Amino acid sequence: MTGVRRRRLLLLAWLTAASLAATPPRQDAPQVLLLKASGPLTPAMAEYLERGLATATNHGSDAVVLQLDTPGGSIDLMNRMVRAIRSSPTPVIVYVAPRGAIAGSAGTMISLAGHALGMAPETAIGAASPVGSQGEDLGETIEAKEKEILRATVRGLASRRGPEAVALAEATVESARAVSADEALQVGLIDLIADDLEELLSGLDGRSVELEGGPHVLRTRGAIVTEVQPSFIEQVLGALTNPNIVFLLISLGVQAILIELSSPGGWVAGFVGVVALALGAYGLGILPVNWFGLIFLGTSFVLFVLDIKAPTHGALTAAGLASFVVGALVLFNSPTTPTFQRVSVPLVVGVGLAMAAAFLTILTFVLRAQRAPLGVGSAALVGRVGEVREALDPVGQVQVAGELWSAEVEEGAGPVPVGERVVVSSVDGLRLRVRSR
């Protein structure tokens, strides 16, 4: 009996150990949401941030990590994102990453708005001086006003980090100063440098941050991290801030509209053209563009069409190509446009050449059609080959171009039996004159 009991105890102990080994991670482990924002600031990026913060609040997450890599953007979008972070009931940790990332211009303010701030090695922050909506320098008075507002904002965001951090933060606005992660850490502008997300969360665990509701101690060590992916709409709207994509959409849209106008009655080309132009217009409303370029683009398409309607053997197409390239470069690549928001010159030239080739191909078919002999009426039957349906002796019937005609064989030719092939040599009223092939 004792042996049986011992075996039962051993079996129970083994089952207990196996159960513990298969137990999933503790449900009380910290929960952290990860948001990734990369590229210039856009309305889609701001909506993504707001949605992520709302999700964290609804799910009771312990913290939100905003992984940031941006050259900056408009002040309006910056203020919107700063307000969202500062009013979040869930602590927001801004992490400038990966290596080589920057928190430039407006990204500096967004980084400092975080309740905690970390940077990966080999990253940079700063250069937050204001510029115009098209990337141009501001007038003296407007620049002074904008700088004073931004300096006041950055002082408020960096005040909890000490006087050296405040001085550096103000310098990023006043003199466009930028610093490395190591330099930012030395003056206390950031909380730590972390190689990866796990090191960031471990390093910030137990640190006290200030939320709207008061002090809050971060609980992030060993956290379960869940990444919030951008929605499909956010991805589409985010892509529309890429000048190369916007340029392609505008080119495609105009081409499709021209096809629809030249061959009315269909709807596919027109629908594609309207959608492409609508998406392109949205992108143009966000990107810093020089609207003067649209004049050259419009002129180029007019020249392409004129070369088809009144052929000039490609002269207008060549002029249209030059106008198209100049228009695209003026539209997207003005001297004041930031480098990261410029369109690719090889792409512009390549698309221009492709469009010119397409119009030249159309022009070739137009000229060929104009030079072709008349293709309707009885004159079009001369030279056609037919088949004898009723023996020609000398009069009979032949089938030509799918029709049955009365025909007679040329004078001096012998009878032509049924099934023989003949060639139409002339037309006399409703009778064909034919000869043996």
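Residues numbered from 1 in each chain as written. Predicted model: local features only at pLDDT ≥ 70, side-chain atom pairs only at ≥ 80, totals over all residues. Heavy atoms only, no water.

Draft legend 1. Local environment of the overall build of the protein chain. Per the secondary structure count, the protein chain includes 14 helices and 16 strands. In the protein chain, of all internal contacts separated by at least 6 residues, the share reaching a separation of at least 24 is 65%. Carbon and sulfur atoms form 60% of the exposed surface of the protein chain, whose accessible area is close to 22600 Å². (Helix = DSSP H or I, 4+ residues; strand = E, 2+ residues; numbered from the N terminus. Contact = heavy atoms within 4.5 Å. Areas by Shrake-Rupley, 256 points an atom, 1.4 Å probe, with all protein chains shown as cover.)

Draft legend 2. Structural detail: the environment of alanine 391. Along the chain, the position of alanine 391 falls in the loop between β12 (385–390) and β13 (395–400). Along the primary structure alanine 391 and valine 416 are separated by 25 residues, whereas in three dimensions their C-alpha atoms are 5.7 Å apart. Apart from the residues lying within four places of it in its own chain, the contact partners of alanine 391 are Gly396, Val416, Pro417 and Val418.

Draft legend 3. Broad picture of helix α13 (residues 315–332). For α13, spanning 18 residues, the distance from its first C-alpha to its last is 26 Å, which sits close to the expected 26 Å at 1.5 Å a residue. Within α13 the residues assigned to the buried category are Thr317, Gly320, Ser323, Phe324, Val325, Gly327, Ala328, Leu331 and Phe332. (Expected span 1.5 Å × (residues − 1). Buried < 20%, exposed > 50% of the residue type's maximum accessible area, 1.4 Å probe, protein only.)

Draft legend 4. Up close: the sheet that holds strand β11 (residues 224–227). The strand order β8-β5-β3-β2-β1-β11 describes an open sheet built from six strands, whose pairing is parallel. Two strands bound the open sheet, and with one partner strand each, they are β8 (192–193) and β11. Judged from the seven bridges that link them, strand β1 (residues 31–38) and strand β2 (residues 63–69) form a sheet pairing that is parallel. In the strand pairing of β2, lysine 36 is matched with glutamine 67. Packed onto the sheet, helix α2 (residues 43–59) meets β1, β2 and β3 (92–96) and runs at close to 180° relative to β1. (Pairing = 2+ DSSP bridges. Axes fitted to C-alpha atoms, helices over the stretch in contact; angles between N-to-C directions.)

Draft legend 5. Representation of the pattern of salt bridges. Following the criterion strictly, the structure yields 16 salt bridges and no others. For the salt bridge of aspartate 62 with arginine 219, the shortest nitrogen-to-oxygen distance reads 3.4 Å. Here aspartate 62, found in the loop between α2 and β2, pairs with arginine 219, found in the loop between β10 (214–217) and β11; they are 157 residues apart in sequence, far enough to count as distant. Glutamate 408 is the salt-bridge partner of arginine 433, the closest N and O atoms lying 3.1 Å from each other. Taken together, the positions of arginine 433 in strand β16 (residues 431–436) and glutamate 408 in strand β14 (residues 403–409) put the pair 25 residues apart, joining distant regions of the chain. Among the charged side chains, a salt-bridge network with shared partners connects Glu148, Arg151, Arg155, Glu170 and Glu174. (Salt bridge = Lys/Arg side-chain N within 4 Å of Asp/Glu carboxyl O.)

Draft legend 6. Molecular detail of a nonpolar patch on the surface. Residues Leu252, Trp267, Val268, Phe271, Val272, Val275 and Leu279 make up a contiguous nonpolar surface patch of about 660 Å² in total accessible area. By residue number, the principal contributor to the nonpolar patch is helix α11 (residues 268–286), which donates five residues. With respect to the helices and strands, the residue phenylalanine 271 is situated in helix α11. Under the relative-accessibility criterion, phenylalanine 271 is labelled exposed at 51%. (Patch = residues over 30% accessible without salt bridge, like charges linked within 9 Å, V, L, I, M, F, W, Y side chains within 5 Å.)

Draft legend 7. Structural view of the packing of aromatic side chains. All told, the structure shown has three aromatic pairs when counted by the stated rule. When the centroid spacing of 5.7 Å and the interplanar angle of 50° are considered together, the rings of phenylalanine 247 and phenylalanine 324 count as tilted. Linking phenylalanine 247 in helix α10 (residues 243–262) with phenylalanine 324 in helix α13, this pair joins segments that are 77 residues apart in sequence. Here phenylalanine 247 falls in the buried class, since its relative accessible area comes to 2%. (Phe/Tyr/Trp six-rings, centres within 6.5 Å; stacked < 30°, edge-to-face > 60°.)

Draft legend 8. Representation of the environment of leucine 252 in the model. Residue position: leucine 252 is located in helix α10. The exposure class of leucine 252 is partly exposed, given its relative accessible area of 45%. Residues leucine 252 and valine 351 lie 99 residues apart in sequence; the distance between their C-alpha atoms is 9.8 Å. Non-local contacts of leucine 252, meaning those with residues more than four positions away in its chain, are made with Val272 and Ala276.

Draft legend 9. View of the pairing of β12. Sheet analysis places β12 next to strand β15 (residues 421–428), joined by three bridges and oriented antiparallel. Directly across from valine 385, in β15, lies its bridge partner valine 423. Alignment of β12 against β13, held across three bridges, turns out to be antiparallel. Bridging across to β13, glutamate 390 finds its partner in glutamine 397. Following β12, the chain reverses through four residues before pairing antiparallel with β13.

Draft legend 10. Representation of the sheet that holds β13. Pairing within the closed barrel is mixed, and its five strands lie in the order β12-β13-β14-β16-β15. Averaged over all neighbouring strand pairs, the angle between strand axes comes to 55°, with direction disregarded.

Draft legend 11. Representation of the nonpolar core. In terms of nonpolar packing, the biggest core is built from 48 residues, with Leu66 and Ile110 touching the most fellow members. Not counting the four nearest positions on each side in its chain, isoleucine 110 is found in contact with Leu41, Leu66, Leu68, Met78, Met81, Val82, Ile85 and Val94. Counting 20 residues, the second largest nonpolar core, distinct from the first, contains Leu284, Leu287, Val325 and Val343. (Core = buried A, V, L, I, M, F, W, Y, C linked by side-chain atoms within 4.5 Å.)

Draft legend 12. Main features of the side chain of threonine 108. Looking at the secondary structure, you find threonine 108 in helix α4 (residues 106–113). Taking the relative accessible area as the measure of exposure, threonine 108 reaches 1% and is therefore buried. A distance of 3.0 Å separates a polar side-chain atom of threonine 108 from the backbone oxygen of alanine 103. Once residues lying within four places of it in the same chain are set aside, the contact partners of threonine 108 are Ala103, Ile125, Gly126, Ala128 and Thr172. (Polar contact = N/O pair within 3.5 Å; in protein donor to acceptor, adjacent residues only side chain to side chain.)

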